[in-house]
Amino acid sequence: MTATTQLHDQRTQEAFGTLRKCVTLFGAVSGIVFGTVAVMAFAGHGVTSFMCIRGAVLLAIAPLIQRMITRAATGSYQAFDRVRTLSAVMPIAIIGVDLVPGLCPAWYAVLQGLSAVALVGAAFITRGAALSAAFPKKK
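A brief look at the structure comes next. Please read all numbers here as calculations on a predicted model, not as lab measurements.

Each value, and the rule that gives it
Residues numbered from 1 in each chain as written. Predicted model: local features only at pLDDT ≥ 70, side-chain atom pairs only at ≥ 80, totals over all residues. Heavy atoms only, no water. Helix = DSSP H or I, 4+ residues; strand = E, 2+ residues; numbered from the N terminus. Buried < 20%, exposed > 50% of the residue type's maximum accessible area, 1.4 Å probe, protein only. Contact = heavy atoms within 4.5 Å. Areas by Shrake-Rupley, 256 points an atom, 1.4 Å probe, with all protein chains shown as cover. Lys, Arg positive; Asp, Glu negative; His and termini not counted. Charge placed at Lys NZ, Arg CZ, Asp CG, Glu CD. Core = buried A, V, L, I, M, F, W, Y, C linked by side-chain atoms within 4.5 Å. Polar contact = N/O pair within 3.5 Å; in protein donor to acceptor, adjacent residues only side chain to side chain.

1. Considering the overall build of the protein
On a plain count of helices and strands, the protein comes out with six helices and zero strands. With the principal axes as the frame, the protein shows a C-alpha extent of 60 × 25 × 20 Å. Counting over 139 residues, the protein shows a buried share of 38%. In the protein, once contacts between residues fewer than 6 apart in sequence are set aside, the share between residues at least 24 apart is 77%. With an accessible surface of roughly 7600 Å², the protein has 70% of that area assigned to carbon and sulfur atoms. For the protein, the separation between the mean place of its 12 positive charges and that of its 4 negative charges on side chains is 7 Å.

This is how it looks when you write it as structure tokens:
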């Protein structure tokens, strides 16, 4: 079976569907984080510009990754490689930054960590058999 044929395989399409769900979950949790920060800011509770900016950036990244998944599902190796890379690097970066003492409150770090878990799932899916067969390594 060729890589192009693999794209239309049921297992490959199911993997893309699950990948989309993981990124949607990441976006939903990011939206909850950003919404919570916004409500707290309007209510006069202490929020930092770091929390606002990071919440907005992570929320904005979710639709971009979804777009890359859509392009990958049509055969774009470059888009697939970007999704694979982002899904592996972003959870490490999110959790690593959250571990910096005093940078953000514990509730914020926990919610950001939950969003990272969804991306860990995406990282495993992009390295699974179905998508690896559809996108063999380029030489």
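2. Overview of the environment of Arg 67
Examined against the element boundaries, Arg 67 turns out to sit in helix H3 (residues 49–73). Classification of Arg 67 by relative accessible area gives exposed; the value is 59%. In this structure the C-alpha to C-alpha distance between Arg 67 and Arg 20, which are 47 residues apart in sequence, comes to 9.7 Å.

3. What to know about the nonpolar core
In this structure, Phe 16, Leu 19, Phe 26, Ile 69, Leu 131 and Phe 135 are the most contacted members of the largest nonpolar core, which totals 29 residues. Among the elements of the structure, helix H2 (10–42), H3, helix H4 (77–98), helix H5 (106–126) and helix H6 (129–134) are those that each provide at least two residues to this core. A per-element tally of this core places H3 first, with seven residues. Each residue touching Phe 16, except ones within four places of it in the same chain, is listed here: Leu 7, Ile 69, Ala 72, Ala 73, Leu 131 and Phe 135. Counting seven residues, the second largest nonpolar core, distinct from the first, contains Val 29, Val 33, Cys 104 and Tyr 108.

4. Some points on the side chain of Gln 66
With respect to the secondary-structure elements, Gln 66 resides in helix H3. A polar contact of 3.0 Å, which involves the side chain of Gln 66, links it to the backbone oxygen of Arg 20. Looking at Gln 66, its side chain comes within polar contact range of the side chain of Thr 24, at 2.8 Å. Leaving out residues up to four positions away in the same chain, Gln 66 has contacts with Arg 20, Val 23 and Thr 24.

Interpretation note: all reported values are geometric properties and have no functional meaning in isolation.
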